[in-house]
Amino acid sequence: MPSPAELTVDLSALAANFRTLEAVGGAPVHPVLKADSYGLGAVACAGRLMTEGARTFFVARASEGEALRTALGPEPAIYVLDGCAAGRAGRLRAARLRPVINTAVQLSDWREAGGGPCGLQVDTGMNRLGFRPEAAPEPFEGLELVLSHLACADDPAEPMNARQRDAFAAAAQRYPGAVRSFANSGGVFLGRGYAFDALRPGICLYGGGPEGRPDPRIRPVATLTAEVLQVRDVPAGETVGYSRTFTAGRPTRIATCAAGYADGVLRSYSPAGRAFVAGELRPIVGRVSMDACAVDVTGLDVAVGDRIELFGANRPIDDAASAAGTIAYELLSAITGRVPRVYRD
Ligand SMILES: *Cc1c(COP(=O)(O)O)cnc(C)c1O
C-alpha cells in the first residue's frame, strides 16, 4: 500500500534522459548526483546510470562521495565539487574520491596529503568557486579534469554564456591532458560548442527542463503524490486553513491531503499552486500546513484514499515550481526523509 506521501522515481525515464543528453550534446555525460541526486536517491540513480554506461560522477560534499563509494564499489570516478577544504584531503583519499581543487590552499593540502587523481575548477565569471583564469595553477601531477560552470545556462539569449565558453576554452588550453567539462543541463542545449569533452548535467537527468520550463525532449522522472485523508463540504463564506487565507466564495468541496511542508511541499505551493486530481488540475487553497494541504475538488468524484499529484507526468515539475515561486531544483531537494522514494523501472 502506498505511503500517505510518496515520491515515485521512474528509472527508465532517468536512463532515457541520460541518453538524450549524450545525443544532444554529442559528448559523454558525467552525471551530477549531489544532494542525493536532487532528492531522488543517489544510490539508486547512480546504479541505473552505471547500467547506461556512466563511470564518472560529481557530488558536492565529501560525505556524499563516501556514501556513494561504499554503495557503488571501486569502479566509478567520483569528483567532489567542494574540493578538499580544511583538512579533508585524507578523508577523500581514503574513499578514493577526487577533489575539484578550487584554491591554492586546497592544492597544497591535496599534495601534502599525498595527492592523486583530482580535478580543477576555473571560475569564468560566476564568482562562486574556483581559480580566476589568471590565477590558475601550472599543470600538476594527478590533474585529470578541468571544469568551469555557467552562470546563466538556462537563458540561451544571455551573452555571458559565450564569454564564459571562450574564457574556459582559453584557460583549459593550459592543461592539455585533462578532460574538459563545461556544460550543465542548460549548457548541453546551448550547442555543440559548449560540450567540450564531458557533459555535467543534473536537473535534466531528473526531469527538469533546461530553461526552467517543461521541454518535450526531457521525460518526467519524479512524481510526488499524496493521499486524500478527508473530504469535506465547506459552506460559502467559511474559510480554510491557518490564518483563513482562503474564503469559499460558493459551497466548496475540499480534499485534505497528506502532504505538507514537513514533506517538502513548501508553504509557497499556495495560493497559486495546483494539484492533479481525478483528471483535472485543481487549486491548492489556504495555507499549506505541516502535514496537510487542501485542494478544491468541487464537482469532482474524489474519495478518501484517492491520490493527488503535486508534480509528475500530469503536472510538470517546472510548472509546479513556477507556481510556487521557485525552481525544480528547490522543489526536489526540499522533499524530506519522511517521504519514501519508490523506484519503478
Ligand atoms: C549543480 C551543478 C551542476 C549541474 O547543474 P544542472 O543545472 O542541474 O544541470 C554542474 N556543475 C556544477 C559545478 C554544479 O554545481
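Above this text sits the structure in question.
Reading guide: rules and limits
Residues numbered from 1 in each chain as written. Predicted model: local features only at pLDDT ≥ 70, side-chain atom pairs only at ≥ 80, totals over all residues. Heavy atoms only, no water. Axes fitted to C-alpha atoms, helices over the stretch in contact; angles between N-to-C directions. Helix = DSSP H or I, 4+ residues; strand = E, 2+ residues; numbered from the N terminus. Parallel < 35°, antiparallel > 145°, perpendicular 65-115°, else oblique. Left-handed = near helix turned anticlockwise from the far one by under 90°. Contact = heavy atoms within 4.5 Å. Nonpolar A, V, L, I, M, F, W, Y, C, P; charged D, E, K, R; others polar. 1 Å grid on protein atoms, 1.4 Å probe; cavity = no way out; pocket = protein on both sides within 12 Å on 5 of 7 lines; lining within 4 Å. Points joined across faces, edges and corners; volume = space filled by probe spheres on them. Buried < 20%, exposed > 50% of the residue type's maximum accessible area, 1.4 Å probe, protein only. Polar contact = N/O pair within 3.5 Å; in protein donor to acceptor, adjacent residues only side chain to side chain. Pairing = 2+ DSSP bridges. Right-handed = clockwise from strand over helix to strand, strands pointing away.

**Student:** Explain the packing of helix α3 (residues 42-51) against helix α4 (residues 62-72) to me, using residue names and the numbers behind them.
**Tutor:** For the pair α3 and α4, the least separation of the axes is 10 Å and the interaxial angle reads 55 degrees. If you check the angle between α3 and α4, you find them oblique. Crossing hand, α3 versus α4: right-handed. In contact with Ala42, Val43, Ala46, Gly47 and Met50 of α3, α4 contributes Leu68, Ala71 and Leu72. Class assignment for the residues of the contact of α3 with α4 results in seven nonpolar, one polar and no charged.

**Student:** Describe the layout of surface pockets, and please don't skip the residues or the numbers.
**Tutor:** Here the largest pocket is characterised by a volume of approximately 680 Å³. Lining the largest pocket are 34 residues; nearest its centre among them are Lys34, Tyr38, His149, Asn184 and Tyr329. Mapped by element, the contributors of at least two residues to the lining of the largest pocket are α2 (34-38), α8 (185-188), α9 (317-323) and α10 (328-334). Broken down by element, the residue count for the lining of the largest pocket peaks at three residues, all from α9.

**Student:** Explain the side chain of Gln164 residue by residue, including any values.
**Tutor:** For Gln164, the position within the fold is in helix α7 (residues 160-172). You can call Gln164 buried: its relative accessible area is 1%. Here His149 takes part through its backbone oxygen, which lies 2.9 Å from a polar atom of the side chain of Gln164. Once residues within four sequence positions are removed from consideration, Gln164 is found in contact with Thr124, Gly125, Met126, His149, Leu150, Ala151 and Phe182.

**Student:** Describe the packing of helix α1 (residues 11-25) against α3, naming the residues involved and giving the relevant values.
**Tutor:** Two elements in contact, α1 and α3, have axes whose closest approach is 10 Å; the angle formed by their N-to-C orientations is 55 degrees. Between α1 and α3, the interaxial angle falls into the category oblique. Remark: the crossing between α1 and α3 carries right-handed chirality. Where α1 approaches α3, its residues Leu11, Ser12, Leu14, Ala15 and Phe18 are matched on the opposing element by Ala44, Cys45, Arg48 and Leu49.

**Student:** Please set out α3 residue by residue, giving values where relevant.
**Tutor:** Looking at α3, one finds that the buried residues are Ala42, Cys45, Ala46, Arg48, Leu49 and Met50. Buried positions along α3 lie against α1, α2, β2 (56-59) and α4. Of the residues trailing α3, Gly53 is marked for its positive phi of about 115 degrees.

**Student:** Give a description of empty space enclosed by the protein that names residues and reports values.
**Tutor:** Using a probe with the size of a water molecule, rolled over the atoms, empty space left in the structure can be pinpointed. All chains considered together, the criterion is met by one cavity of 30 Å³ or more. A volume near 40 Å³ is recorded for the largest cavity. Taken together, the residues of the lining of the largest cavity break down into three nonpolar, four polar and two charged.

**Student:** So what about the pairing of strand β4 (residues 98-101)? Which residues, and what values?
**Tutor:** With burial as the criterion, each face of β4 is covered, one bearing Arg98 and Val100 and the other bearing Pro99 and Ile101. Pairing of strand β3 (residues 77-80) with β4, which is carried by two bridges, proceeds in the parallel orientation. Residue Tyr79 lies in a different strand from β4, and its bridge partner there is Arg98. In this fold, β3 hands off to helix α5 (residues 89-94), which returns the chain to β4; that crossover is right-handed. Pairing geometry for β4 and strand β5 (residues 118-121), over two bridges, is parallel. Counterpart to Ile101 in the pairing with β5 is Leu120. On the question of chirality, the crossover connecting β4 to the parallel β5 by way of helix α6 (residues 104-112) is right-handed.

Function cannot be read off these values alone, since they describe shape.
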